[in-house]
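Listed here are the chains, written in short residue letters.
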Amino acid sequence: MDHMGLRERKKLRTRRAIASAALRLFDERGFEETTISDIAAAADVSPRTFFSYFPSKDDVVFAEMDERLADIRARLAERPSDETPLATFRRVADALVEAISAEDEDGAIQVALIRDRPSLQAQALKRFADAEEGFVEVLRGIAPDLDAVTAATVMGVAFGGLRAAITYCRAERYDADRTREATAHALAIVEKVLESVPALTCPATDAH
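Now for a description of the structure that goes with this document. It should be emphasised that the depicted structure is a prediction, and the values quoted were computed from it without experimental measurement. Sequence positions are assigned chain by chain, starting from 1 and proceeding in written order. This being a predicted model, a pLDDT of at least 70 is required before a residue's local features are given, and a value of 80 or more before pairs of side-chain atoms are given or counted; all residues contribute to the totals for chains, interfaces and linings. Processing note: side-chain calculations cover all non-hydrogen atoms of the structure and skip hydrogens and water entirely.

Here we look at the overall build of the chain
Along the chain, the regular secondary structure elements total 10 helices and zero strands. We count a stretch as a helix when DSSP gives it H or I for four or more residues in a row; a strand needs E for two or more, and each element gets its number in order from the N terminus. Starting at the N terminus and walking to the C terminus, you meet the elements of the chain as α-α-α-α-α-α-α-α-α-α. Computed over the C-alpha atoms, the radius of gyration of the chain is 18 Å, within 12% of the 17 Å expected from 2.2 N^0.38 for a compact globule of 208 residues. In terms of overall dimensions, the chain has a C-alpha envelope of 55 × 35 × 30 Å along the principal axes. Out of the 208 residues in the chain, the part that is buried amounts to 44%. Whether two residues are in contact is decided by their heavy atoms: any pair within 4.5 Å suffices. Within the chain, contacts between residues separated by at least 24 positions form 72% of all contacts whose residues are at least 6 apart in sequence. Here, Shrake-Rupley sampling with a 1.4 Å probe gives the accessible areas, and only protein chains in the shown set may cover a residue. Summing over all exposed atoms, the chain offers an accessible surface of approximately 11,300 Å²; the carbon and sulfur share of this is 54%. Side chains of the chain give 28 positive and 37 negative charges; the mean places of these two sets differ by 4 Å. Our radius of gyration is a C-alpha quantity, and the globule rule it is checked against amounts to 2.2 Å times the number of residues to the power 0.38. Only protein chains enter the area calculation, which uses a 1.4 Å probe; residues under 20% of their type maximum are buried, those over 50% are exposed, and those in between are partly exposed. We count Lys and Arg on the positive side and Asp and Glu on the negative side, and we leave His and both chain ends out. A single reference atom marks each charge: NZ on Lys, CZ on Arg, CG on Asp, CD on Glu.

Below, the structure is given as structure tokens:
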């Protein structure tokens, strides 16, 4: 559920505008050739405003990724008490796919940038690793019968499978409809694996 007020919505719009302008410029001019002043001008903000949203030019590449990971955490926290862990995964995954489907062009640019630059690859891996570690903790909270190794494996399959499918769709520049179709296929494969873990098909509980 969206609990943002007017001020938060305005800040989010500005953040997204800066990120979108940056990705377009990176695609047109090159990452190294694009300056923060260029990005600020394209987004119609000052360089000072840029730095109030992003610490560096690298960070703007991950703006949408950071937003999606935060949204996943929020949706996990809002789960119904009687929802199974598997149903939670599907609900969150469906919302994520719907959100990223409209970002196909910027997403393709982001993937290309990360693939071409080792420093950005390292930052992406760190973000994903930190997020996955947090998701494992949440999973063990709603499925306390899972041991640590099983929980880590389950999250690797679920999070890793979905991430791989989304990355492929973006790299291939799939449109929204084709992205939904491809990710639905990927989710079906992931769910087939997860269904073999009994603790994921029982109603979720709260360990606290």
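Points about the pattern of salt bridges
One side-chain nitrogen of Lys or Arg within 4 Å of one carboxyl oxygen of Asp or Glu is enough to make a salt bridge. Tallying each qualifying case throughout the model produces 15 salt bridges. The partner of R29 in a salt bridge is D38, with the nearest N and O atoms 3.3 Å apart. The partly exposed category is assigned to R29, whose relative accessible area is 46%. Here R170 ties to E64 by a salt bridge, and the two come within 2.7 Å at their closest N and O atoms.

Overview of the environment of T179
Within the secondary structure layout, T179 lies in helix 10 (residues 176–194). Expressed as a C-alpha distance, the spacing of T179 and L6, which sit 173 residues apart in the sequence, is 31 Å. With residues up to four places along the chain from it excluded, the contact list for T179 reads I100, S101, C169 and Y174.

Thoughts on the packing of helix 8 (residues 118–142) against helix 9 (residues 148–171)
Running from N to C, helix 8 and helix 9 point in directions that differ by 130 degrees, and their axes come no closer than 9 Å. Between helix 8 and helix 9, the angle is such that the two are oblique. With respect to the hand of their crossing, helix 8 and helix 9 are arranged in right-handed fashion. Judged by residue contacts, F128, A131, E132, F135, V136, L139 and R140 of helix 8 engage A148, A151, A152, V154, M155, G156, F159 and R163 from helix 9. Residues belonging to the contact of helix 8 with helix 9 are distributed by class as follows: 11 nonpolar, one polar and three charged. Axis geometry follows a simple rule: fit a line to the C-alpha atoms, using only the stretch in contact for helices, then measure angles between N-to-C directions, giving values from 0 to 180 degrees. Any angle that falls under 35 degrees is termed roughly parallel, while one over 145 is termed roughly antiparallel, one within 65 to 115 roughly perpendicular, and all others oblique. In this scheme the handedness of a crossing depends on how the near helix is turned from the far one: anticlockwise by less than a right angle means left-handed, clockwise means right-handed. We call Asp, Glu, Lys and Arg charged. Ala, Val, Leu, Ile, Met, Phe, Trp, Tyr, Cys and Pro are nonpolar, and the rest, Gly among them, are polar.

Comments concerning a positive patch on the surface
Together, R7, K10, K11 and R13 line one region of the surface with positive charge. Look at R7 and you get exposed, because its relative accessible area is 63%. Each patch groups residues whose relative accessible area exceeds 30% and which form no salt bridge, using 9 Å between like charges and 5 Å between nonpolar side chains of Val, Leu, Ile, Met, Phe, Trp and Tyr.

Focus on the nonpolar core
Residues belong to one nonpolar core when they are buried, are Ala, Val, Leu, Ile, Met, Phe, Trp, Tyr or Cys, and are joined through side-chain atoms within 4.5 Å. F26 and L139 are the most contacted members of the largest nonpolar core, which has 54 residues in total. With eight residues, the top contributor of residues to this core is helix 8. Those residues in contact with F26 that sit more than four places away from it in its chain are F31, T34, I39, K57, V60, V61 and L113.

Structural notes on the packing of helix 5 (residues 63–77) against helix 6 (residues 85–101)
Where helix 5 contacts helix 6, the axes come no closer than 10 Å and their chain directions differ by 150 degrees. In terms of axis orientation, helix 5 runs roughly antiparallel to helix 6. Remark: the crossing between helix 5 and helix 6 carries right-handed chirality. Contacts from E64, R68, I72, R75 and L76 of helix 5 reach helix 6 at T88, R91, V92, A95, L96, A99 and I100.

So, the packing of aromatic side chains
Stacked, tilted and edge-to-face are the three classes assigned to paired rings of Phe, Tyr and Trp, where Trp is represented by its six-membered ring and a pair needs centres within 6.5 Å; plane angles under 30 degrees give stacked, over 60 edge-to-face, the rest tilted. Per the stated rule, a full pass over the model turns up six aromatic pairs. Plain terms: the ring middles of F50 and F51 are 5.5 Å apart, the flat faces sit at 90 degrees to each other, and that makes the pair edge-to-face. Ring centres of F50 and F54 lie 5.7 Å apart, and the angle between their planes is 45 degrees; this geometry places the pair in the tilted category. Taking the relative accessible area as the measure of exposure, F50 reaches 0% and is therefore buried. Over a ring means this: the NZ of a Lys or the CZ of an Arg is within 6 Å of the ring centre and within 35 degrees of the ring normal. The ring of F128 carries the charged tip of R163 above its face, separated from the ring centre by 4.3 Å. Over the aromatic face of Y174 sits the side chain of R178, whose NZ or CZ is 4.0 Å from the ring centroid.

Regarding the side chain of R127
The topology assignment puts R127 in helix 8. With sequence-adjacent residues up to four places away left out, R127 is seen in contact with D59, F62, M65, D66 and L69.

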